[in-house]
Amino acid sequence: MILTTTPTVQGRDIKHYHGVVVGEAILGANLFKDIFASIRDIVGGRSAAYEQELAKAREIAFRELEERAREAGGNAVVGIDLDYEVVGPNGGMLMVSVSGTAVTLG
């Protein structure tokens, strides 16, 4: 399946629009990861723990988006937008939302 942030796919015609599809993932951040991440942030290093959680959430959201596009009858998703939010009490959870338009390419 082709997934793209652009409204079209070069060299391919959109034959049918199936509507907006969304994939979402919400992951809780581990307390120990939070502590170590804040220590690394203080000394100026990167927070590998958060980067890994973010990558995992993004992967889950894209998988869900693809699944919903297939269920809608599409073979591609165009116009993809990614949103990241921190939610929950004290920002203890990470949400990744991916949306786009499911289409059938010719």
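What counts as what
Residues numbered from 1 in each chain as written. Predicted model: local features only at pLDDT ≥ 70, side-chain atom pairs only at ≥ 80, totals over all residues. Heavy atoms only, no water. Helix = DSSP H or I, 4+ residues; strand = E, 2+ residues; numbered from the N terminus. Contact = heavy atoms within 4.5 Å. pLDDT = per-residue confidence, 0-100. Core = buried A, V, L, I, M, F, W, Y, C linked by side-chain atoms within 4.5 Å. Buried < 20%, exposed > 50% of the residue type's maximum accessible area, 1.4 Å probe, protein only. Pairing = 2+ DSSP bridges.

**A word on the environment of Val22**
Alright, step 1. Mapped onto the elements, Val22 comes out in strand β2 (residues 14-28).
Alright, step 2. Considered as a pair, Val22 and Arg68 are 46 residues apart in the sequence and their alpha carbons are 7.3 Å apart.
Alright, step 3. Apart from the residues lying within four places of it in its own chain, the contact partners of Val22 are Glu64, Leu65, Arg68, Ser97, Val98 and Ser99.

**Re the confidence of the model for the protein**
Alright, step 1. Averaged over every residue, the pLDDT of the protein is 86; the share at 70 or more is 80%.
Alright, step 2. Averaged pLDDT values for the elements of the protein fall to 54 in helix α1 (residues 31-42) and rise to 98 in strand β1 (residues 2-3).

**Let's talk about the nonpolar core**
Alright, step 1. Counting 13 residues, the largest nonpolar core has Val21, Ala57, Leu65, Val77 and Val98 as its most contacted members.
Alright, step 2. For this core, the secondary structure elements donating two or more residues are β2, α2 (48-72), β3 (76-87) and β4 (93-105).
Alright, step 3. Ala57 has contacts with Ala25, Leu27, Leu94 and Val96, leaving out every residue within four places of it along the chain.
Alright, step 4. Ala76, Val78, Val103 and Leu105 belong to the second largest nonpolar core, which has five residues in total.

**Concerning the sheet that holds β3**
Hydrogen bonding along the main chain pairs the strands of a sheet, whether they run parallel or antiparallel.
Alright, step 1. Strand order in the open sheet formed by four strands is β1-β3-β4-β2, and the pairing between neighbours is mixed. Each having just a single partner strand, β1 and β2 make up the two edges of the open sheet.
Alright, step 2. In this sheet, β4 lies alongside β2 in antiparallel orientation, the contact comprising 13 bridges. Counterpart to Val22 in the pairing with β4 is Ser99.

**Notes on the pairing of β3**
Alright, step 1. Across two bridges, the pairing between β1 and β3 is parallel. Among the inter-strand pairings, Ile2 is bridged to a residue of β3, identified as Ala76.
Alright, step 2. Pairing of β3 with β4, which is carried by ten bridges, proceeds in the antiparallel orientation. In the sheet register, Tyr84 faces β4, and the bridge partner there is Val96.

**A short note on the environment of Glu64**
Alright, step 1. With respect to the helices and strands, the residue Glu64 is situated in helix α2.
Alright, step 2. The class of Glu64 is partly exposed, set by a relative accessible area of 22%.
Alright, step 3. In this structure, the C-alpha to C-alpha distance between Glu64 and Ala25, residues 39 residues apart in sequence, is 8.6 Å.
Alright, step 4. Other than its neighbours up to four places away in sequence, Glu64 contacts Val22, Gly23 and Glu24.

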